[in-house]
Amino acid sequence: MLHSLLPRKVKALKTGRSQKMAAFPWHSRNRNYKAEFASCRLEAVPLEFGDYHPLKPITVTESKTKKVSRKGSTSSTSSSSSSSVVDPLSSVLDGTDPLSMFAASADPAPLAAAMDNSRKKRDRDDYSIVGSDFEPWASKRGEILARYTTTEKLSINLFMGSEKGKAGTATSAMSEKVRTRLEELDDFEEGSQKELLNLTQQDYVNRIEELNQSLKDAWASDQKVKALKIVIQCSKLLSDTSVIQFYPSKFVLITDILDTFGKLVYERIFSMCVDNRSVLPDHFSPENVNDTAKETCLNWFFKIASIRELIPRFYVEASILKCNKFLSKTGISECLPRLTCMVRGIGDPLVSVYARAYLCRVGMEVAPHLKESLNKNFFDFLLTFKQIHGDTVQNQLVLQGVELQSYLPLYSPAMDWVFQCVSYRAPEALLTEMMERCKKLGNNALLLNSVMSAFRAEFIATRSMDFIGMIKECDESGFPKHLLFRSLGLNLALADPPESDRLQILNEAWKVITKLKNPQDYINCAEVWVEYTCKHFTKREVNTVLADVIKHMTPDRAFEDSYPQLQSIIKKVIAHFHDFSVLFSVEKFLPFLDMFQKESVRVEVCKCIMEVFIKHQQEPTKDPVILNALLHVCKTMHDSVNALTLEDEKRMLAYLINGFIKMVSFGRDFEQQLSFYVETRSMFCNLEPVLVQLIHSANRLAMETRKVMKGNHSRKTAAFVRACVAYCFITIPSLVGIFTRLNLYLHSGQVALANQCLSQADAFFKAAISLVPEVPKMINIDGKMRPSESFLLEFLCNFFSTLLIVPDHPEHGVLFLVRELLNVIQDYAWEENSDEKIRIYTCVLHLLSAMSQETYLYHVDKVDSNDSLYGGDAKFLAENNKLCETVMAQILEHLKTLAKDEALKRQSSLGLSFFNSILAHGDLRNNRLNQLSVSLWHLAQRHGCVDTRTMVKTLEYIKKQSKQPDMGHLTELALRLPLQTRT
């Protein structure tokens, strides 16, 4: 395009409007930038100590007037003043809000008494609240349902009661009501039997959930007896152990129904305590409960007491244990021991232990401070534990074809819960007592595992060697020792054992773990003990452990079934080794990574490694071991990108790779640094954000090189800077984003200019200009298509700011880059109803005005801009002014096209904007330019579309500026600028 440029006029603007351009010649006003800066600077005002400061709290004097009334005398007032900080929220606490005034109008005595009682009760009960350190049952529920499954067919036996007696006449006598309802219960138990056979596990779960919903529906429809019948029959299912492997999951499902029932009964009775005057507080006493609620509560307990079978009677009463609060302060403390004794009547040890677990669960919810009943449940269980090895249980296992090693883990959920309740905030002496009891029972493995799972890790860790001794001597029939070592390892991951025992503990545990033949058993234990090894030992021991894991998991590709455990090991290793030079010196670390051969898993592991590196690497590194290893890790992440990879995933991978690149520094070995950038460019070419980061890094390297060298070896330095610039010039075209390329061309050109590489800077700027026509009308921004013109305007404004200091090329004529850019702007396909093109022309006018100054506003060190090259030459200024006139003609022509009803507001806005540009940059001593500014002022106000306040402020500014030196001509201009009046 350069060869076809006209010497004086822009080719694309060559039209028949030369007369119009001559009508309004442009004259830029001379600017004294230093004086303007000085006039805009804020005035410094000295402050004395104690004066107002914007960060000091605001204090006001608040006067309070109190009204005092006395019998037989007139009211008087007393006032006091105080200085305080006003809190905008305090008004809701001083009794002036509507709710406070309403409460104050009522009789305060009953309310105060209720609040006092509630406060005292709450203070007494504070010690009994279970803290957040207690793991709730809800967190265990999902794990139990997922772990204890079966493929055998299940059955549900339900007794569907007949409908006789429901049409009888109602009687008002309470004894008749009770007798009728008891007969209904009897009728239900003696009614027809419905048996659902051959149910799959999912069918069984669905049926139980249907029963739970039926319970809620019956309750909502005021069929309380039907609801009770459903609960009784569901409770009976807990006596059935025909499919014994499914019993823990069955317990979870049935107790969900019991919990629902207990909640419904409690809320029903609680709602009966509410009358028109008061609401029962959360921490109430039986004295706050009315007689109707107490009678209803007793009625429920009488109904439940009439249930004939032990197991449903126990479970249903335990589910409404909380309702004892309505009857007596000691009701719960009296019922818990009785219910504990009831469990002794359950012969099956598995059913018995789950009954105790449910009682402990309810007890912890309503009275966690009653530790006696919890301990009694535990010690009763120990007394009956030997039944597990009795003939009855053994015969049942033979009948169902269940091995002992499969049967004993069924006890774990219930035992673990009972132990957790008993050990919660218990003293260390209780652990000692339990260890002695376990020894008396032959160090049973199941009991020992529950003890280690329940008590605080600190207690277990201090007795690690004692537990190891017990594990060695324990009876592991049905419960292997490696699971005990796993439980011990979990505790040691949370608390530290005595330092003198640490190595012996590891040796004893690993002797057992390394002998395991089953890969799953092995990896489940090794995963736990890796953390203990990393925490207390050096890379030598960690390397030994990793080597052993590789040895066990490589045969038959066993690692493919254990990716979660292997991932866990990697995370634990990198969590403790933040020094990556030490980490990668662990000989078996990289071979360990090779076991992750599934791509998705391998990428996740690599992401974990890079996240830790970015988080903990404090200093830049050039360690070849770290660089080679992490380049391999980053390449693995990069190569996983394909056409189906989500944008969020790409951004995450790019962020991690960029974090690595930023932490690589070869110090003053700049050539090695650039070689690293060249290598990484070829490795990560599919991730555009990484390429962008490399371009920025190369630009920074060029600036840093020039800064560090400070003229030394200038020829070599210049060659290296040109190499960095060339790297950027070659890399930018490979990017996809159009504005990413434009901005990088501009930024790289600025860097080249700052390093006196003028020809390279011109090349960048020409490339940016040639790319402007390719900007599409719509671009994708965060997944949404948006118009591009506003982004193009922003880029061009930045570009103009740079062109001010770019010197003209001696072979290409005056302002050749500006002319070339104007040609591109003129040919660009702008939107029909867009004003962005004219806004750009206005910015060009600002640029040309700045270029006509004797000294430019800013410069680049050691680069002569046009103010130095031309020195205010008259031919240069004339060429500049003619270009201004051409641009002005385009602006005025566009303003004429807006003289339509639908475009009048745009015309006013653009007219005022052009007026402000002339005011700021034009020499208004020129009569024609002065007349043009007056015409634009009238145009802005002609149709009443402009904001009057803006016009007023503009006029005030002109009057203020007229008082400045050499600005007196603005006084006459202000007189010619009337303000439009609106009626």
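As a convention, each chain's residues are numbered from 1 in the sequence order in which they are written. Side-chain atom pairs in this predicted model are given and counted only at pLDDT of 80 or more, local residue features only at pLDDT of at least 70, and totals for whole chains, interfaces and linings cover all residues. Only hydrogens and water are set aside when side-chain values are computed; all heavy atoms of the structure are taken into account.

**What to know about the overall build of the chain**
So, step 1. Numbering of helices and strands runs from the N terminus; a helix is a DSSP stretch of H or I covering at least four residues, while a strand is a stretch of E covering at least two. A tally of regular secondary structure across the chain gives 45 helices and 6 strands.
So, step 2. The rule is simple: take the accessible area with a 1.4 Å probe, protein chains only, and divide by the maximum for that residue type; under 20% is buried, over 50% is exposed, in between is partly exposed. The buried share of the chain, taken over its 983 residues, is 47%.
So, step 3. Entry remark: accessible area of the chain is about 50900 Å², with carbon and sulfur atoms responsible for 52%. The protein chains shown are the only cover counted for residues, whose accessible areas, like all others here, come from Shrake-Rupley with a 1.4 Å probe.

**Details of the pattern of salt bridges**
So, step 1. Throughout this description, the term salt bridge denotes a Lys or Arg side-chain nitrogen within 4 Å of a carboxyl oxygen of Asp or Glu. Tallied over the entire structure, the rule returns 32 salt bridges.
So, step 2. Residues R557 and E560 are paired through a salt bridge, measuring 2.6 Å at the closest nitrogen-oxygen approach.
So, step 3. Exposure remark for R557: the relative accessible area of 38% places this residue in the partly exposed category.
So, step 4. One salt bridge in this structure joins R906 and D835, with 2.7 Å as the shortest N-O distance. Residue R906 is located in helix α42 (residues 904-921), and its partner D835 is located in the loop between α38 (816-827) and α39 (836-851); the two are separated by 71 residues in the primary sequence.
So, step 5. D835 sits in the buried class, given a relative accessible area of 8%.
So, step 6. Via salt bridges that share partners, R29, R31 and E36 belong to a single interconnected network.

**Quick look at the nonpolar core**
So, step 1. Side-chain atoms within 4.5 Å link the members of a nonpolar core, which is a set of buried Ala, Val, Leu, Ile, Met, Phe, Trp, Tyr and Cys residues. Grouped together as the largest cluster of nonpolar side chains are 306 residues, with contacts concentrated most on Y407, W529, V549 and F660.
So, step 2. For this core, the element with the most residues is helix α9 (residues 247-272), which contributes 14 residues.
So, step 3. Those residues in contact with F660 that lie beyond four places of it in its chain are M610, F613, I614, L627, L630, L631, C634 and F676. Note on contacts: a residue pair qualifies if any of its non-hydrogen atoms lie within 4.5 Å across the two residues.

**Describing the packing of aromatic side chains**
So, step 1. Each Phe, Tyr or Trp ring, with Trp reduced to its six-membered ring, pairs with another whose centre is within 6.5 Å; inter-plane angles below 30 degrees give stacked pairs, above 60 give edge-to-face pairs, and intermediate values give tilted ones. Taken as a whole and judged by the stated rule, the model has 41 aromatic pairs.
So, step 2. A ring pair is formed by F676 and Y677, whose centres lie 6.0 Å apart and whose planes are at 55°; its orientation type is tilted.
So, step 3. Here F676 falls in the buried class, since its relative accessible area comes to 4%.
So, step 4. Assessed through its relative accessible area of 6%, Y677 is described here as buried.
So, step 5. Grouped by ring-pair contacts, the aromatic residues F580, F584, F589, F613, F660, F666, F676 and Y677 constitute a single cluster.
So, step 6. As a reminder, the over-ring test applies to NZ of lysine and CZ of arginine, requiring each to be within 6 Å of the ring centre and within 35 degrees of the ring normal. Between the NZ or CZ atom of K303 and the centre of the ring of W300, over which it lies, the distance is 4.1 Å.

**Remarks on the pairing of strand β6 (residues 784-787)**
So, step 1. At least two DSSP bridges between two strands are required for those strands to pair. Looking at chain direction, strand β5 (residues 778-781) and β6 are connected through 4 bridges and run antiparallel. By the bridge assignment for β6, I779 is matched with R786.
So, step 2. Between β5 and β6, which pair antiparallel in sequence order, lie 2 residues; one of them, D782, sits at a positive phi of approximately 55°.

**Some thoughts on empty space enclosed by the protein**
So, step 1. In this analysis, the protein atoms alone were mapped onto a 1 Å grid. Cavities are point sets where a 1.4 Å probe fits without being able to get out; pockets are open sets with protein on both sides within 12 Å along at least five of seven lines; lining residues have an atom within 4 Å of a point. Grid points are joined across faces, edges and corners, and a volume is the space filled by probe spheres set on the points. Enumeration according to the criterion identifies 4 cavities of 30 Å³ or more in this entry.
So, step 2. Its volume calculated, the largest cavity comes out at about 60 Å³.
So, step 3. Around the largest cavity sit L803, V806, P807, D808, L815, F816, L817, V818, M851 and N866, which together line it.
So, step 4. At 3 residues, α38 tops the list of elements feeding residues into the lining of the largest cavity.
So, step 5. Each residue belonging to the lining of the largest cavity can be placed in one class, and the counts come to 8 nonpolar, 1 polar and 1 charged. Only Asp, Glu, Lys and Arg are considered charged, only Ala, Val, Leu, Ile, Met, Phe, Trp, Tyr, Cys and Pro nonpolar, and every remaining residue, Gly among them, polar.

**So, the packing of helix α37 (residues 789-803) against α39**
So, step 1. At a closest axis distance of 10 Å, the pairing of α37 and α39 adopts a crossing angle of 10°. As the angle between them shows, α37 and α39 are arranged roughly parallel. On the side of α37, the interface is formed by E789, L793, L796, C797, F800 and L803, while α39 contributes E836, R839, I840, C843, V844, L847 and M851.
So, step 2. Each residue belonging to the contact of α37 with α39 can be placed in one class, and the counts come to 10 nonpolar, no polar and 3 charged. Interaxial angle, 0 to 180 degrees, is taken between N-to-C directions of lines fitted to C-alpha atoms, where a helix line uses only the stretch in contact. Between 65 and 115 degrees an angle is taken as roughly perpendicular, under 35 as roughly parallel, over 145 as roughly antiparallel, and anywhere else as oblique.

**Topic: a nonpolar patch on the surface**
So, step 1. A patch consists of residues whose relative accessible area exceeds 30% and which take part in no salt bridge; residues with like charges are grouped when within 9 Å of each other, and nonpolar side chains (Val, Leu, Ile, Met, Phe, Trp, Tyr) when within 5 Å. Side chains of F37, L857 and Y858 sit close together on the surface and give an oily, nonpolar patch of about 290 Å² of accessible area.
So, step 2. Assignment of secondary structure puts L857 in the loop between α39 and α40 (866-870).
So, step 3. With relative accessibility at 40%, the residue L857 sits in the partly exposed group.

**Some details on unusual backbone geometry**
So, step 1. Backbone geometry places D782, a non-glycine residue, at a positive phi of 55°.
So, step 2. With respect to the helices and strands, D782 occurs in the loop between β5 and β6.
So, step 3. Taking the relative accessible area as the measure of exposure, D782 reaches 77% and is therefore exposed.
So, step 4. A positive phi angle, near 50°, is found at L815, a position not held by glycine.
So, step 5. Within the secondary structure layout, L815 lies in the loop between α37 and α38.

**Considerations on the environment of A227**
So, step 1. By the element assignment, A227 lies in helix α8 (residues 224-236).
So, step 2. For A227, a relative accessible area of 0% puts it in the buried group.
So, step 3. C-alpha of A227 to C-alpha of D217: the two residues are 10 residues apart in sequence and 8.5 Å apart in space.

**Observations concerning helix α41 (residues 874-897)**
So, step 1. In this analysis, the expected span of each helix is defined as 1.5 Å times one less than the number of residues it contains. Over its 24 residues, α41 extends 35 Å from the first C-alpha to the last, a length consistent with the 34 Å expected when each residue adds 1.5 Å.
So, step 2. Measuring from the backbone nitrogen of K875 back to the side-chain oxygen at the start of α41 gives 3.0 Å, which picks out D873 as the cap. Any pair of N or O atoms that falls within 3.5 Å is considered a polar contact. Within protein, one atom must be able to donate a hydrogen and the other to accept it, and sequence-neighbouring residues count only if both atoms are side-chain atoms.

**Points about the side chain of S450**
So, step 1. With respect to the helices and strands, the residue S450 is situated in helix α19 (residues 445-454).
So, step 2. In contact with S450, not counting residues within four places along its chain, are M415, D416 and F419.

**Some points on the layout of surface pockets**
So, step 1. Here the largest pocket defines a volume of roughly 1400 Å³.
So, step 2. Considering the residues around the largest pocket, the lining is formed by 42 residues, among which E143, D416, N449, S453 and L490 are closest to the centre.
So, step 3. Listing elements by their share of the lining of the largest pocket, those giving two or more residues are α5 (138-147), α16 (404-407), α17 (412-423), α19, α22 (481-494) and α24 (519-536).
So, step 4. For the lining of the largest pocket, the element with the highest residue contribution is α22, accounting for 8 residues.

**Some points on the confidence of the model for the chain**
So, step 1. The pLDDT averaged across the chain works out to 83; a share of 83% of its residues lies at or above 70.
So, step 2. Confidence of the predictor in every single residue is expressed as pLDDT, which spans 0 to 100. In this model residues 62-128 is a low-confidence stretch, pLDDT under 50, and it forms 50 contacts with partners more than four residues away in sequence or in other chains.
So, step 3. For residues 188-193, every residue scores under 50 in pLDDT, and the model assigns this stretch 20 contacts once sequence neighbours within four places are set aside.

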